[in-house]
Number of protein chains: 2
Amino acid sequence: MNPHALPLAHRTGFLVGSVIDSSTALLAEQEHDIVRFAMGSPAPEAIPTKILAELGEEAIGADAPDAFDYAATHGDPALRSALLSQLSGTSDATSDDRLVITSGGMQGLDLAYKLFVDPGDLVAVESPTYTNGTATALSYEAALLEVPVDEDGMQLDALVDGVEQAGRRPKVIYTVPTFQNPSGVTMSLARRRRLLDLAREWGSVVLDDDPYGMLGFSDHGLPTLHELAAGDPLVFSVRTFSKTVAPGLRVGWVDADPSLRQLLIHAKQAMDTCTNLPAQRLLAAFLREGYLDEHLRAQRSRYAARKQAMHEALTEHFAGRAHWTDPTGGFFLWLTFLDAIDTQELFEVALAQGVAFIPGNAFSPQGRFPHALRLCFASSTPERIAQGVARLHRAVDLLAAA
Amino acid sequence: MNPHALPLAHRTGFLVGSVIDSSTALLAEQEHDIVRFAMGSPAPEAIPTKILAELGEEAIGADAPDAFDYAATHGDPALRSALLSQLSGTSDATSDDRLVITSGGMQGLDLAYKLFVDPGDLVAVESPTYTNGTATALSYEAALLEVPVDEDGMQLDALVDGVEQAGRRPKVIYTVPTFQNPSGVTMSLARRRRLLDLAREWGSVVLDDDPYGMLGFSDHGLPTLHELAAGDPLVFSVRTFSKTVAPGLRVGWVDADPSLRQLLIHAKQAMDTCTNLPAQRLLAAFLREGYLDEHLRAQRSRYAARKQAMHEALTEHFAGRAHWTDPTGGFFLWLTFLDAIDTQELFEVALAQGVAFIPGNAFSPQGRFPHALRLCFASSTPERIAQGVARLHRAVDLLAAA
């Protein structure tokens, strides 16, 4: 390729992608039985395939002739109204003028960074943080400020220190406040309030990415940043049906100040014109028929049992050798070895033993977590979880012996 | 909103969007009968809704439990292999290592600009050109060079002059070479060859956006830029099923040099993770069952008859008052009034008379076409086309009299 036309690798998050890429490429090659703690997918049995297929016969069947045409860029009216009703009375209650339907939560992040970040702008992210969120921020050439998390979420004293050291205010503060990806921790109410105060002081946009908030094992009672902000235009909320209903539908939404609506529509037109209409119609029917609440109830107890199974297996196999978070919802927990075990090296050994995870450095642009890893407890049954953790134990022993 | 957090309007193509926005907003408000020459949608009767619904029962029914999970970022294997077979022997024949499935053709453009354009980079576009393509280029802060088209497509002498005046080579040359949007013209073989020569000389990426090439009224026999380039990495081809099968599915593909594959996957992960899987499965079944060829045959004769109907109606009503292009395929023709009729003013008068179009300036960042307009002949029956053009005639007379 002519040098003039070389692609801009700095736009494609390649540094972050490389850990995940090499892992998933290796994973795809495996032909033996693998316990998959790697990807953040709902359990196959947690996807309401049968209901969606039944609803599909009406919603996108021969009697719905417009289901395959272009949709409105801000979303199909059927889904918009079903979603507004669904959210009414919850911590994510909103109004029509704040709502833009997106192609999954990922597009919500793409829209936020497109709207707010110029090359070199400072973006504060949790450390560890969501890999693809980092990739999107880097694709707009953000300068990332990694802020450690603890059991109460992002450490705001560290955020203040980091901003002071950087000598400039963050344009965006990106957080997954509830059952964080990858750590599973939840930001406390006090920190939520202080985060909003800091954002107001600095004029920073709070990018409130909350895919797991509806998947608490019990009622956590915490208001979302959206609710706490009470309409403050600095809060930009991203939501998705990927974790609660089905990732393959690629439908989510953005809840943002009405002043941003037209810009969001323009930006989305320049990304994919509109979101897949059959999927919007399917979800509209799913919500309208009242399936979501019951479905969520079932998934919450399913995932609670799985987290418990993983916690017990980890206690059995790794007590004294690692510590791990104890999430009260969501999909993930985060394990840190006390010894200097390189989890990228461990990955290959573990695969050979029949278990997959994501190495910690996939979640840190600066590579701060060489000895940690993310485990998804959501996708495997308790029996498989016990098996997978035992395999992980063998892999750690093998690597230590090597 | 705090000034620090003001959105970057320069990222959202708002200048171009405004003409379309005001038009479509007005259009949405209308409650009376309107002949819709505005949007570039396939005719409702040209969308194979019944076949898709039938295929859906198997492809995304209860027997396909993984149809709602995440898809591979570069596309579902079922669609990838069906598409490779479908393209085999055509001017778009390609290989697995060049193919990335996208969320419509629009995402193909978003990927290309993300990969190749830094703020201030020169991008040559046809004038008039596709509105959302302009929006995407502007969202990466491209500097646009408008190059006039004539009946043989982009005027390459004008391109050379423009590049000389700009004093720098274009990073990207964006073209819709076949049945261009909005003009309906097709780039001649000689110009296709010369365009590739110029791109090689300058080291420019040719962004070959060809949504309509399969919709020629007869066999035009022109090789695509993809075929002519014979694997030259400078050619980046964007294709879509939106015009040939159904826009609501939001599925297209990019055909690019294998060296770009991993960057494309990273970039797409940062946009929407993957493309809607049920839609990919539906299209895979549609192709595998051999429906596409027969479907295209039917649409070609349908659209030929509609173009002919529009040409005849225009001759009846506007001979001597306007000239218009005579496309041999696709969806659009381009009409230019000989008098200085402002087509943005005309739009409102026409709506009141019951006919909609897109004003010419929506297709030119510099606003070069105040007296032209785009007519989509694809979405209306010949009878409705005759009615719509008669209404347009009345609107022009009313505006002239006012």
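As a reminder, the structure under discussion sits directly above these lines.
Calculation rules
Residues numbered from 1 in each chain as written. Chains lettered and ligands numbered in written order. Predicted model: local features only at pLDDT ≥ 70, side-chain atom pairs only at ≥ 80, totals over all residues. Heavy atoms only, no water. Core = buried A, V, L, I, M, F, W, Y, C linked by side-chain atoms within 4.5 Å. Buried < 20%, exposed > 50% of the residue type's maximum accessible area, 1.4 Å probe, protein only. Contact = heavy atoms within 4.5 Å. Pairing = 2+ DSSP bridges. Helix = DSSP H or I, 4+ residues; strand = E, 2+ residues; numbered from the N terminus. Expected span 1.5 Å × (residues − 1). Least-squares fit on C-alpha atoms with pLDDT ≥ 70 in both. Salt bridge = Lys/Arg side-chain N within 4 Å of Asp/Glu carboxyl O. Polar contact = N/O pair within 3.5 Å; in protein donor to acceptor, adjacent residues only side chain to side chain. Nonpolar A, V, L, I, M, F, W, Y, C, P; charged D, E, K, R; others polar.

Novice: Before we move on, could you go through the nonpolar core and cite the residues and values that matter?
Specialist: Ranked by size, the top nonpolar core spans 221 residues in total, and within it A:Phe236 and B:Phe236 carry the most contacts. Excluding residues within four positions of it along the chain, A:Phe236 makes contact with A:Gly108, A:Ala112, A:Phe116, A:Val205, A:Val206, A:Leu207, A:Asp208, A:Val254, A:Asp255, A:Ala256, A:Leu260 and A:Leu264. B:Leu122, B:Ala124, B:Val163 and B:Val206 belong to the second largest nonpolar core, which has 20 residues in total.

Novice: So what about the sheet that holds strand β7 (residues 205-209) of chain B? Which residues, and what values?
Specialist: Residues and elements named next belong to chain B. Read from one edge to the other, the open sheet built from eight strands follows the order β2-β9-β8-β7-β6-β3-β4-β5, with strand pairing classed as mixed. If you trace the sheet from one side to the other, it starts and ends with β2 (99-102) and β5 (153-154), each paired once. In this sheet, strand β9 (residues 252-255) lies alongside strand β8 (residues 235-240) in antiparallel orientation, the contact comprising four bridges. Following the sheet pairing, Ser 237 is matched in β9 by Asp 255.

Novice: Describe in detail helix α4 (residues 104-116) of chain B, supporting the description with residues and values.
Specialist: The end-to-end C-alpha distance of α4(B) is 19 Å, a good match for the 18 Å that 13 residues give at a rise of 1.5 Å each. The buried fraction of α4(B) is high, at 13 of 13 residues.

Novice: A description of the relation of the copies chain A and chain B should follow, citing residues and the corresponding values.
Specialist: Mapping chain A onto chain B leaves a residual RMSD of 0.0 Å; the transformation is a rotation of 180 degrees accompanied by 0.0 Å of translation along its axis. Such a combination of rotation and displacement between the chain copies is what one expects of a two-fold axis. Both copies contact each other with a shared surface, as 100% of the interface residues of chain A are interface residues in chain B too.

Novice: Describe the interface of chain A and chain B, with residues and values.
Specialist: In this assembly, 81 residues from chain A lie in contact with 81 residues from chain B. For the pair chain A and chain B, the interface holds two salt bridges. Between A:Asp110 and B:Lys114 there is a salt bridge whose closest N-O contact spans 3.9 Å. Connecting chain A to chain B are 30 residue pairs in polar contact (both at pLDDT 80 or more). Put simply, the parts of the chain that give the side of chain A that touches chain B at least two residues each are α1 (14-29), α2 (49-59), α4 (104-116), α5 (131-139), α7 (189-202), α9 (261-272) and α10 (277-288) of chain A. The leading source of residues in the side of chain A that touches chain B is α9(A), at eight residues. When its residues are assigned to classes, the side of chain A that touches chain B shows 42 nonpolar, 24 polar and 15 charged.

Novice: Kindly report on the pattern of salt bridges, identifying the contributing residues and their values.
Specialist: All names here are of chain A. What the rule picks out here adds up to 38 salt bridges over all chains. Close ionic contact of Glu 45 with Arg 306 constitutes a salt bridge, the shortest N to O distance being 2.4 Å. Placement of the pair is Glu 45 in the loop between β1 (35-36) and α2 and Arg 306 in helix α11 (residues 291-318), with a sequence separation of 261 residues. For Glu 45, a relative accessible area of 39% translates into the label partly exposed. Given the relative accessible area of 4%, Arg 306 is considered buried. Between Arg 239 and Asp 208 there is a salt bridge, and its shortest N-O distance comes to 2.9 Å. Taken together, the positions of Arg 239 in strand β8 (residues 235-240) and Asp 208 in strand β7 (residues 205-209) put the pair 31 residues apart, joining distant regions of the chain. Asp 208 carries the same exposure label as Arg 239, and that label is buried. Shared partners join several salt bridges into a network, and the residues in it are Asp 33, Arg 384 and Arg 391.

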